[in-house]
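As a plain string of letters, each chain reads:
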Amino acid sequence: MFEEKFMRQAIALSLKNIDRQGGPFGAVVVKDGKVVATGCNRVTATNDPTAHAEVSVIRKACKKLRTFNLSGCEIYSSCEPCPMCLSAIYWAHIDTIYYGNTKAHAAQIGFDDSFIYRELALKPAQRKIVATQHLPDEAIRTFQAWTQKTDKIDY
């Protein structure tokens, strides 16, 4: 259930992060009404293009809870998640996303992800970064081995 105090915390983190060599993005993971972890955008501070606030907070929450599955958790983000962060949220099985700014607001200040959405609609060979398949007969053996593994942990 949405609680303003957690959204305000995500927004405060994003504002504070501007003076910490980071982008204006903050996020909070909450479970059972308690903060599990907080995170900020650290892309330029760490030279890590994946260090968005949501990805950072998911990593911290998983480490703290000792799980890769954040079912039962909510994420509060100062901005609507980009495609990468949205994917990470889905992979983490977070139940609910609450956000402040929209992707349109982000685009207005130079954080425009619309090109990614357009790229995803194209076939891999038509994308700006061309992707081509190689050695599929060899690569498929890995998936066959995974399918036959009896003690695998599904995620």
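Look above for the structure.
What this report covers is the structure whose coordinates are included nearby. Values in this document were obtained by computation on a predicted structure and should not be read as measured data.

### Description of the sheet that holds strand β2 (residues 34-40)
An order of β2-β1-β3-β4 is seen for the 4 strands of this open sheet, with the pairing classed as mixed. Of all the strands in the sheet, just β2 and β4 (96-101) have a single pairing partner and so form its edges. This sheet shows a mean twist of 15° between the axes of neighbouring strands, independent of strand direction. As paired elements, strand β1 (residues 26-31) and strand β3 (residues 73-79) share 5 bridges and run antiparallel to each other. What sits directly across from Val30, in β3, is Glu74.

### A few points about unusual backbone geometry
Residues other than glycine seldom take positive phi values, yet Asn47 does so here, at roughly 55°. Its location among the elements puts Asn47 in the loop between α2 (43-46) and α3 (53-65). Within the chain, Arg66 stands out as a residue other than glycine whose phi angle is a positive 55°. Among the secondary structure elements, Arg66 is positioned in the loop between α3 and β3. With a relative accessible area of 78%, Arg66 lands in the exposed category.

### Notes on a nonpolar patch on the surface
There is a patch of nonpolar side chains on the surface, built from Phe68, Trp91, Trp146, Ile153 and Tyr155 and spanning about 670 Å² of accessible area. With respect to the helices, strands and loops of the structure, Phe68 is situated in the loop between α3 and β3. Note on Phe68: relative accessible area 44%, which makes it partly exposed.

What counts as what
Residues numbered from 1 in each chain as written. Predicted model: local features only at pLDDT ≥ 70, side-chain atom pairs only at ≥ 80, totals over all residues. Heavy atoms only, no water. Pairing = 2+ DSSP bridges. Helix = DSSP H or I, 4+ residues; strand = E, 2+ residues; numbered from the N terminus. Axes fitted to C-alpha atoms, helices over the stretch in contact; angles between N-to-C directions. Buried < 20%, exposed > 50% of the residue type's maximum accessible area, 1.4 Å probe, protein only. Patch = residues over 30% accessible without salt bridge, like charges linked within 9 Å, V, L, I, M, F, W, Y side chains within 5 Å. Areas by Shrake-Rupley, 256 points an atom, 1.4 Å probe, with all protein chains shown as cover. Salt bridge = Lys/Arg side-chain N within 4 Å of Asp/Glu carboxyl O.

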